[in-house]
Amino acid sequence: METWIEAPYLSLVIGICLILLGRKLYWFFIGLAGFIFAYQYIPELFPSLPEKSALFISLAAGGISAALGVFLNKLFIFGGGFIAGAYLFLNVAQFANLDIGGLVLVGIVVGGLVGSLLLAMVMDWGLVILTAAVGALLVLQTLPVNRQVMIGLFILMMILGLVAQASMMKPFKQIRT
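Every value quoted in this text rests on a predicted model; they were computed, and no experiment measured them.

### A look at the overall build of the protein chain
And then number 1: When you go through the protein chain residue by residue, the secondary structure sums to five helices and zero strands.
And then number 2: Ordering the α and β elements of the protein chain from the N terminus gives α-α-α-α-α.
And then number 3: Carbon and sulfur atoms make up 75% of the accessible area of the protein chain, which amounts to about 12,100 Å² in all.

Here you go:
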């Protein structure tokens, strides 16, 4: 089965979009990952399934992945960061021999909120790096270049993606003193 990713123009357009706008199009990135995963593994899991059915299921998997990415994104960031922050707070307090007594719940809430904020900040940069890298790889798949040139172009496209996407991020507000 010929994969859609072998279509050079489609790979080129998707790659450029991910390099320049990946963080803004995170739902597209998540949907694309769901589609690619399904399209790659459905023929192996169900070899007798017709190609059009495999394509339809893959498109549905991509759509569901994109929707879940949009609707559950904030929940996952908040929940994971909260748990990690609360865990870190409790362990740091224990390591430092702090007697927090009745303030355990307050410490858990504060540690959890700090963890959520930190994960949200890291998640943005992680998404920027991943989308720029995947976009660069998609673009490079369309170019007939040798390995050394490919490495150089990959680095240049990563830098372009990082700069382009970073310029669209909201800057932190400075606190006036």
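After that view, the rundown keeps rolling.
### Here's the deal with the side chain of Gln165
And then number 1: By the secondary structure assignment, Gln165 is in helix H5 (residues 147–167).
And then number 2: There is a polar contact of 3.3 Å between the side chain of Gln165 and the side chain of Thr131.
And then number 3: Non-local contacts of Gln165, meaning those with residues more than four positions away in its chain, are made with Leu18, Ile19, Leu20, Leu21, Gly22, Arg23, Val128, Thr131 and Ala132.

### Points about a nonpolar patch on the surface
And then number 1: Together, Leu103, Val106, Val110, Val114, Leu117, Leu118 and Met121 make up a nonpolar patch on the protein surface, roughly 640 Å² of accessible area in all.
And then number 2: On the secondary structure map, Val110 appears in helix H4 (residues 104–140).
And then number 3: Residue classification places Val110 among the partly exposed positions, given a relative accessible area of 47%.

### Looking at the environment of Ala38
And then number 1: Relative to the helices and strands, Ala38 resides in helix H2 (residues 26–45).
And then number 2: Among the residues examined, Ala38 registers a relative accessible area of 10% and is labelled buried.
And then number 3: Between the alpha carbons of Ala38 and Ala60 there is a distance of 9.2 Å; along the sequence they are 22 residues apart.
And then number 4: In this structure Ala38 touches Pro43, Ser58 and Ala61, once residues within four positions along its chain are discounted.

Reading the values: rules and limits
Residues numbered from 1 in each chain as written. Predicted model: local features only at pLDDT ≥ 70, side-chain atom pairs only at ≥ 80, totals over all residues. Heavy atoms only, no water. Helix = DSSP H or I, 4+ residues; strand = E, 2+ residues; numbered from the N terminus. Areas by Shrake-Rupley, 256 points an atom, 1.4 Å probe, with all protein chains shown as cover. Polar contact = N/O pair within 3.5 Å; in protein donor to acceptor, adjacent residues only side chain to side chain. Contact = heavy atoms within 4.5 Å. Patch = residues over 30% accessible without salt bridge, like charges linked within 9 Å, V, L, I, M, F, W, Y side chains within 5 Å. Salt bridge = Lys/Arg side-chain N within 4 Å of Asp/Glu carboxyl O. Buried < 20%, exposed > 50% of the residue type's maximum accessible area, 1.4 Å probe, protein only.

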